[in-house]
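Below are the chains, spelled out letter by letter.
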Amino acid sequence: MAEQSKKTIEVRGFLHLDAFLRKKYGTIPLILDLDTPTTGIALAEKLKIPLDEIEVIFINGFVHPLDSIIRPGDRMAFLPPGCPGPYRIALGFYSKNQDNEANFKIKKKE
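Residues numbered from 1 in each chain as written. Predicted model: local features only at pLDDT ≥ 70, side-chain atom pairs only at ≥ 80, totals over all residues. Heavy atoms only, no water.

Caption draft 1: Focus on the confidence of the model for the protein. The predicted model of the protein averages 81 in pLDDT, with 70% of residues at 70 or higher. Across residues 96–110, confidence stays below pLDDT 50; counting only partners more than four residues off in sequence or on other chains, it has 22 contacts. (pLDDT = per-residue confidence, 0-100. Contact = heavy atoms within 4.5 Å.)

Below, the structure is given as structure tokens:
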């Protein structure tokens, strides 16, 4: 595997977003030049991924909302809505509120 530059980011997609990125760009991980920080929203728009197809992003292995900052040298991935329940908790989120922001707290039993 080629070494990633500090002026690039590594981009992946989960579920159908993986197939979308492979079809559009040919290879995964997609290595993109990035000189200055950007948001997940701006990156999704650049890659032509509809925002309603993304629930959260991973940055360097941690779950973040879509508007989080991605910096040169980061590894990131887009995760679409629909991830099955047990995986949602294991990945660190469990639902999405009406403002389309991920909720990162594990729901307590009432």
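Caption draft 2: Inspection of the packing of aromatic side chains at higher detail. A complete count under the given rule lists one aromatic pair for this structure. Where Phe14 meets Phe58, the ring centres are 5.4 Å apart and the plane angle is 50°; that geometry is what we call tilted. Placement of the pair is Phe14 in the loop between β1 (8–13) and α1 (16–25) and Phe58 in strand β4 (residues 56–59), with a sequence separation of 44 residues. Note on Phe14: relative accessible area 38%, which makes it partly exposed. Judged by relative accessible area, Phe58 falls into the buried class, the value being 9%. (Phe/Tyr/Trp six-rings, centres within 6.5 Å; stacked < 30°, edge-to-face > 60°. Helix = DSSP H or I, 4+ residues; strand = E, 2+ residues; numbered from the N terminus. Buried < 20%, exposed > 50% of the residue type's maximum accessible area, 1.4 Å probe, protein only.)

Caption draft 3: Looking closely at unusual backbone geometry. The omega angle of the peptide bond from Ile28 to Pro29 is 0°, so this bond is cis rather than trans. Residue placement: Pro29 occurs in the loop between α1 and β2 (30–33). For Leu15, which is not glycine, the phi torsion reads 55° and is therefore positive. Tracing the sequence through the fold places Leu15 in the loop between β1 and α1.

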